[in-house]
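Next come the chains, spelled out residue by residue.
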Amino acid sequence: MTRPVVHTYRAAESGLYVNSYLIEGESGVVVVDTSLLVSDIEALRARLRALKKPLLAILVTHAHPDHFNGVHGLVQDKEVPVYASAGVGRVIEEIADAKRAQWSPVYGAEWPAETYYPNSLLADGAKVQFDELSFTVHEVGPAESHADSYLVMTANGSAAIAFTGDLAFHGTHPYTADGHSSAWLAALDALGGELADTGTLYPGHGDPAGPGLLDDQRRYLLYYRELIRRLSGGEAQLSEAAKSELSTALQAFLPDAPLTWMIELGADAVAAELAAVRAASSGS
Ligand SMILES: [Zn+2]
């Protein structure tokens, strides 16, 4: 019995460096997450073909297009089950058209013309098996996106590994524009316990790492929120000058990390989130 090999296709900068994982088992390949732009999706498809084993299934970790956009391209060669947690699948159906309307003008023909939706939805804790590869899906709820999940994989009795989507970015600035930073922090706290014994986490952006990755993401979000709380003065949005100050501070916090434009992208969403919590707690 050979151990499965986890291959990574990492997108170019324009594709947000998103990771797609090709898990090569004895008789076939399972793909976790599928890239954003057509050029990367085609490269991922070529990478899959080069393994010369059949595609068995695709799993999508969460409801963001850099993870689900490539499903349509991959199933052109062979239609396979496409799994997501029930919450993730539902949100993908809700947002895919709006995301295309928002981003097609920016990316042009690089944005896939069609969406292939997950066709096999899984309840929290459900397990799917492809020969020796076993995946258990864990529904998280809103965190980095409107619906997140993570997958724990075991094979042939080997130590568990986890595919954690964007619950923790590794070495890049994170996307915060969905405005669920409170829920995201709570999810990270829970995950620290749930994944404490999992050897390696495979994140959606950046290199694999141990569970300490979750602590790093937690520290980043706490700092990000603290800065926004101060710079916004309790308002639901930041001035341009405040955004610039936020960006400078976060770039000093995570030196040399790419995707710096994401810092300002999510600032107003988090300011609005914090302002809403304040309004609710003051009873106004
Ligand atoms: Zn992502």
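Residues numbered from 1 in each chain as written. Predicted model: local features only at pLDDT ≥ 70, side-chain atom pairs only at ≥ 80, totals over all residues.

Structural notes on the nonpolar core
Move 1: Counting residues in hydrophobic clusters, the biggest one holds 77 residues, and the most contacted among them are V31, L151 and I228.
Move 2: Among the elements that take part in this core, helix α6 (residues 212-232) stands out by supplying six residues, more than any other.
Move 3: Once residues within four sequence positions are removed from consideration, V31 is found in contact with S20, Y21, L22, L48, L55, I58 and L74. (Core = buried A, V, L, I, M, F, W, Y, C linked by C-beta atoms within 7 Å. Buried ≥ 20, exposed ≤ 12 C-beta atoms within 10 Å, placed from the backbone. Helix = DSSP H or I, 4+ residues; strand = E, 2+ residues; numbered from the N terminus. Contact = placed C-beta atoms within 7 Å.)

Notes on the sheet that holds strand β8 (residues 133-141)
Move 1: Read from one edge of the open sheet, five strands run β7-β8-β9-β10-β11, paired in mixed fashion. Strands at the two margins of the open sheet, each flanked by one partner only, are β7 (127-130) and β11 (200-203). Pairs of neighbouring strands in the sheet enclose a mean axial angle of 25 degrees, with direction left out of account.
Move 2: Relative to β11, strand β10 (residues 161-165) runs parallel, the two being bridged by four bridges. By the bridge assignment, F163 is partnered in β11 with Y202. (Pairing = 2+ DSSP bridges. Axes fitted to C-alpha atoms, helices over the stretch in contact; angles between N-to-C directions.)

Things to note about helix α7 (residues 240-253)
Move 1: Its 14 residues give α7 an end-to-end C-alpha distance of 20 Å, which sits within 8% of 20 Å, the value for a rise of 1.5 Å per residue.
Move 2: Within α7 the residues assigned to the buried category are A242, K243, L246 and L250. The arc that holds every buried residue of α7, seen down its axis, measures 100 degrees, which confines them to one face. Opposite the packed face of α7, turned more than 90 degrees from it, sit the exposed residues E240, A241, T248 and A252.
Move 3: Buried residues along α7 sit in contact with α6, α8 (261-265) and α9 (267-282). (Expected span 1.5 Å × (residues − 1). Arc of directions from axis to C-beta.)

Some details on the sheet that holds strand β4 (residues 55-59)
Move 1: Taken together, the six strands give an open sheet; going across it, the order is β1-β2-β3-β4-β5-β6, and neighbouring strands pair in mixed fashion. The two strands at the open ends of the sheet, each matched to only one other strand, are β1 (5-10) and β6 (120-122). Between one strand and the next, the sheet's axes are offset by a mean angle of 25 degrees, whatever the strand orientation.
Move 2: With three bridges joining them, strand β5 (residues 82-85) and β6 adopt parallel strand pairing. The residue bridging S85 from the neighbouring strand is L122, located in β6.
Move 3: Sheet contacts for helix α1 (residues 38-50): β1, β2 (19-24), β3 (29-32) and β4; angle to β1, the most-contacted strand, approximately 155 degrees.

Some remarks on unusual backbone geometry
Leaving glycine aside, a negative phi is the common case for residues, and trans is the common case for peptide bonds.
Move 1: Located in the positive-phi region is K52, a residue other than glycine, with phi close to 55 degrees.
Move 2: Following the sequence through the fold, K52 ends up in the loop between α1 and β4.
Move 3: The class of K52 is exposed, set by 8 C-beta atoms lying within 10 Å.

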